[in-house]
Amino acid sequence: MKPLSGSRPPEHINIVPFVNVDNMMKLVLHVGIQTFLIELSSYIEADFLRWRHFDKSPRLASHSREGVIELMPTSDGQTYGFKYVNGHPKNTQHGLQTVTAFGVLADVGSGYPVLLSEMTILTALRTAATSAVAAKYLAPKGAKTMAIIGNGAQAEFQAIAFGALCNVRTLRLYDVDRQATDKCAKNLAGFGFEIEKCNSAQSAVEGAGIITTVTADKSYATILNDNMVGEGVHINAIGGDCPGKTELHRDILLRSDIFVEYAPQTRIEGEIQQLDKNHPVVELWEVITGAAGGRNNRRQITIFDSVGFATEDFSALRYIRDRLAGTRYFDELDMIADPDEPKDLFGMLLRAQTVS
Ligand code: NAD
């Protein structure tokens, strides 16, 4: 394992830096969770600012009764990236996670991979950082209280990102599983929040300027009813991210301004799958670049209908690649066959037989 240099010499191009789970955790803790989220959010925001540079397409999804497996590719013309991710809400009943992921960056010029990384932890971080970036533009100014409905794997990451980037100070937690709420409150104890554990979604949203819904259920769920959502709030809707899997009552959508990552994908997967396909939405990059307005009055309800888009994973991998430089938080994988003579792949195989 050697420190990653900015550009590797061609003779080592077959060796791919690999960030395993242990090294990802070490890297995050080395940087500091809040600093990591702040730095990551700046990469995500920078890539939204150059939105037009990216190849964009709805992710490729393979659905089953139990969940979904998705591939999320994009490229900025110089670097290509993709993430493999699943979503299986019943997994936790069997001791498995709802969401797991890994991802790759590759050099467009040669087509060779330049980074392979775990992305289960990184997805939680990038989802939270993206939510906080959206909220910076959309949440009511001075909102310091956030309700989090769904206190599973993503919840703490969301809380810390909103604390670090949006100055949220009070959390109101609710989950149908009380143990999940207890776990979440315990994990967040050292992060300076005032934490209230609530007995219902209705009580969690009381007094909250920001409402994060981050539940997992493969159904048209109604986590928030229309009468639970008062004027002026920002809803950070994370859990509805798949056809047939939503969290908000349709009536809330009809009286809100809706912001999405990439409309063609969100119309298939997000809360807006419940609406007419021409219902107006604004893409987040338009707000970030100033091409469209975000929050414009105190009574407006804003919804970030998040499903997760490939550019955010690209930004996250790009950040990891830069952050690894000079550290030892990666291994080197001999992943690409590297014959002495490029056309003699078969000869390389035969020579290996001789050696063994
Ligand atoms: P998880 O299974 O670890 O946690 C989900 C929690 O929701 C569980 O604790 C469960 O008890 C709770 N829950 C289910 N129904 C509820 C209800 N009606 N009211 C209150 N709580 C309820 O899952 P996770 O990894 O935290 O992911 C949460 C959701 O976020 C999933 O649906 C996942 O697909 C989605 N997700 C979205 C993005 C994105 O970019 N938008 C990224 C990652 C995950």
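About the criteria used
Residues numbered from 1 in each chain as written. Predicted model: local features only at pLDDT ≥ 70, side-chain atom pairs only at ≥ 80, totals over all residues. Heavy atoms only, no water. Helix = DSSP H or I, 4+ residues; strand = E, 2+ residues; numbered from the N terminus. Rg over C-alpha atoms; globule rule 2.2 N^0.38 Å. Buried < 20%, exposed > 50% of the residue type's maximum accessible area, 1.4 Å probe, protein only. Areas by Shrake-Rupley, 256 points an atom, 1.4 Å probe, with all protein chains shown as cover. Lys, Arg positive; Asp, Glu negative; His and termini not counted. Charge placed at Lys NZ, Arg CZ, Asp CG, Glu CD. Phe/Tyr/Trp six-rings, centres within 6.5 Å; stacked < 30°, edge-to-face > 60°. Salt bridge = Lys/Arg side-chain N within 4 Å of Asp/Glu carboxyl O. Axes fitted to C-alpha atoms, helices over the stretch in contact; angles between N-to-C directions. Parallel < 35°, antiparallel > 145°, perpendicular 65-115°, else oblique. Contact = heavy atoms within 4.5 Å. Nonpolar A, V, L, I, M, F, W, Y, C, P; charged D, E, K, R; others polar. Near = heavy atom within 4 Å. Polar contact = N/O pair within 3.5 Å; in protein donor to acceptor, adjacent residues only side chain to side chain. Core = buried A, V, L, I, M, F, W, Y, C linked by side-chain atoms within 4.5 Å.

Remarks on the overall build of the protein chain
Assigned secondary structure in the protein chain consists of eleven helices and 17 strands. A compact globule built from 356 residues would reach a C-alpha radius of gyration of about 21 Å, and the protein chain, at 21 Å, matches this within 12%. On the principal axes, the C-alpha backbone points of the protein chain span a range of 75 × 45 × 40 Å. Looking at the protein chain as a whole, 53% of its 356 residues are labelled buried. On the protein chain, roughly 16,100 Å² of surface is accessible, and the fraction owed to carbon and sulfur atoms is 53%. Counting 35 positive and 42 negative side-chain charges, the protein chain places the averaged centre of each group 4 Å from the other.

Digging into the packing of aromatic side chains
In this description, a pair of aromatic rings is defined by centroid distance and the angle of the planes. Enumeration over the complete set of coordinates arrives at nine aromatic pairs. Ring geometry for tryptophan 51 against tyrosine 262: centres 6.2 Å apart, planes inclined by 55°, an arrangement best described as tilted. Here the residue tryptophan 51 occupies a position in the loop between helix 2 (33-49) and strand 2 (60-63), and tyrosine 262 occupies one in the loop between strand 14 (257-260) and helix 8 (263-269), the gap between them amounting to 211 residues. Accessibility assignment for this pair places tryptophan 51 and tyrosine 262 in one class, buried. Judged by centre distance (5.1 Å) and plane angle (15°), the rings of tyrosine 84 and phenylalanine 102 are stacked. Here tyrosine 84, found in strand 4 (residues 79-87), pairs with phenylalanine 102, found in strand 5 (residues 101-107); they are 18 residues apart in sequence, far enough to count as distant.

Let's talk about the pattern of salt bridges
In this structure the tally under the stated criterion is 19 salt bridges. For aspartate 76, the salt bridge identified is with arginine 50, shortest N-O distance 3.0 Å. Of this pair, aspartate 76 sits in the loop between strand 3 (68-75) and strand 4 while arginine 50 is found in the loop between helix 2 and strand 2, placing the two residues 26 residues apart along the sequence. For arginine 50, a relative accessible area of 23% puts it in the partly exposed group. For the salt bridge of aspartate 313 with arginine 126, the shortest nitrogen-to-oxygen distance reads 2.7 Å. Of this pair, aspartate 313 sits in helix 10 (residues 310-324) while arginine 126 sits in helix 3 (residues 120-138), placing them 187 residues apart in sequence. The burial state of aspartate 313 is the same as that of arginine 126; both residues are buried. Several salt bridges share partner residues, and in doing so they unite Asp47, Arg50, Asp76 and Arg318 into one network.

Quick notes on the packing of helix 1 (residues 21-31) against helix 10
The interhelical angle for the contact between helix 1 and helix 10, taken along N-to-C directions, is 75°, at an axis separation of 12 Å. Classified by the angle between their axes, helix 1 and helix 10 sit roughly perpendicular to one another. Residues Met24, Leu27 and Val31 of helix 1 form the contact with helix 10, whose participating residues are Tyr319, Ile320, Arg323 and Leu324. Of the residues assigned to the contact of helix 1 with helix 10, the class counts are six nonpolar, no polar and one charged.

Some details on the site of the ligand
The environment of the ligand is formed by 26 residues, the closest being Thr98, Asp175, Thr215, Asp241 and Lys245. Lysine 245 places a polar side-chain atom, nitrogen or oxygen, 2.7 Å from an oxygen atom of the ligand. Within the backbone of valine 307, one N or O atom sits 3.5 Å away from an oxygen atom of the ligand. In the complex, the protein chains occlude 88% of the 860 Å² of accessible area that the ligand would expose alone. Its residues assigned to classes, the shell around the ligand shows eleven nonpolar, ten polar and five charged.

A word on the nonpolar core
Formed by 67 residues in total, the largest nonpolar core has its most connected members in Phe36, Leu40, Leu122, Ile148, Leu171 and Ile320. A total of ten residues in this core trace back to one element, the largest contributor, which is helix 3. Not counting the four nearest positions on each side in its chain, isoleucine 320 is found in contact with Val19, Met24, Leu27, Phe36, Leu115 and Leu122. Counting residues in each nonpolar core, the second largest holds 28 residues, with Tyr174, Ile223, Leu224 and Ile303 among its members.

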